[in-house]
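# Structural features, examined
Okay, here's what each chain looks like letter by letter:
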Amino acid sequence: MTDHALRLGVNIDHVATVRNARGGDNPDPVRAALMAQDAGADGITAHLREDRRHIRDADIQALKDAISVPLNFEMAATDEMVDIACEVKPNAACIVPERREEVTTEGGLAVAGREAELAPCFNRIRDAGIRLSLFIEASEAEIHAAASVGADIVELHTGRYCHDAKTRATELVRIAEAAALADSLGLECHAGHGLDYETVAAIAAIPQMHELNIGHFLMGESLFIGLEAAIRRMRRLMDEARSL
Ligand code: PXP
């Protein structure tokens, strides 16, 4: 039994992906965020990519204004994105690496060795009163680097754990060890990327885990059973894993 609740952050980017496929206003990511909140999401995550392929600038402000749970703003470490974060003031800014050609965020942010280069961006975020979250690989070096730059949160990349069943057990150990190290350094530990009904329980059971951010699978599942039902089922799997 763990001593703190595990939060579910729902990433609504792909509602905007579908909207943008046809232009216009439907489906509305804000409506999805409100529905997610009603279904038990503890936070809403949205990624404003440099190319605006899904979430747009106006969506971020509209989300912040509409929801009553915390907004986790995923962004690249660029001056443009820091300006937007400082204007919108989300609860947290989750800094992710971004390459235009990638389909999704394919790896963690390299912080180790780039501390001085990234410091101005990180400092501006913290000075604006926004919690600084770094999306990193579950590696000792990256966790120490995150602590050294004053991050509040590390979000551990679960992509490899989710996508390769053959190495899943090894990856799980790596993530669990990283979570324990992060916790010992005073960092709040989150995780996300690629999680689904099958892969969520083992990650949810890691005692130091505070939040899981899940998007793609929930949006796909919602086509079949509806968004609320998909979120409620994910929540139940997380709660069950937590109470073992
Ligand atoms: N966390 C971060 C930092 C991400 O970049 C993403 C993908 O946007 C997620 C969580 C959610 O990943 P998925 O959509 O695969 O559930």
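See the structure shown above.
Below is a summary of the structure that appears in this document.

Thresholds applied
Within every chain, residues take consecutive numbers counted from 1 along the sequence as written. Local features in this predicted model are restricted to residues of pLDDT 70 or higher, and side-chain atom pairs are both shown and tallied only at a pLDDT of 80 or more, whereas totals for entire chains, interfaces and linings draw on every residue. Side-chain numbers here rest on the full set of heavy atoms in the structure, without hydrogens or water. Only the six-membered ring of Trp is used, alongside the rings of Phe and Tyr, when aromatic pairs are assigned; centres must lie within 6.5 Å, and planes under 30 degrees apart are stacked while those over 60 apart are edge-to-face, with the rest tilted. Secondary structure elements are taken from DSSP: a helix is a run of H or I of four residues or more, a strand is a run of E of two residues or more, and numbering for both begins at the N terminus. Remark: exposure states derive from per-residue accessible area (1.4 Å probe, protein chains only) relative to the maximum for the residue type, with buried under 20%, exposed over 50%, and partly exposed in between. Each ring is checked for a lysine NZ or an arginine CZ that lies within 6 Å of its centre and within 35 degrees of its normal; such an atom marks a charge sitting over the ring. Two strands make a pair as long as DSSP finds a minimum of two bridges between them. Fitted lines through C-alpha atoms serve as axes, helices being fitted only where they are in contact, and the angles separating the N-to-C directions of these axes extend from 0 to 180 degrees. Two residues qualify as a contact provided that any one of their heavy atoms is within 4.5 Å of a heavy atom in the partner residue.

This brings us to the packing of aromatic side chains. Using the criterion set out here, one finds one aromatic pair in the structure. A centroid spacing of 4.7 Å and a plane angle of 75° characterise the contact between Y197 and F217, whose relative ring orientation is edge-to-face. Placement of Y197 in the loop between β7 (188-192) and α9 (200-204) and of F217 in helix α10 (residues 216-225) is noted, with a sequence separation of 20 residues between them. Among the residues examined, F217 registers a relative accessible area of 24% and is labelled partly exposed. Over the ring of Y161 we find R168, and its NZ or CZ is 5.6 Å from the ring centre. Between R233 and the ring centre of Y197, over which it is positioned, the NZ or CZ distance is 4.1 Å.

The strand order β1-β2-β3-β4-β5-β6-β7-β8 describes a closed barrel built from eight strands, whose pairing is parallel. Ignoring strand direction, the axes of neighbouring strands in this sheet form an average angle of 25°. Where strand β5 (residues 131-136) meets strand β6 (residues 153-157), four bridges bridge the pair, whose relative direction is parallel. Note that in β6 the partner of S133 across the bridge is I153. Running over the sheet, helix α5 (residues 115-127) touches β3 (71-75), β4 (92-95) and β5 and is turned about 140° from β5.

Take the pairing of strand β1 (residues 7-11) next. Buried residues dominate β1, accounting for four of its five residues. With four bridges connecting them, β1 and strand β8 (residues 209-214) associate as parallel partners. Counterpart to R7 in the pairing with β8 is E211. In this structure, β1 lies alongside strand β2 (residues 43-47), joined through three bridges in parallel fashion. Across the sheet, G9 pairs through a bridge with G43, a residue of β2.

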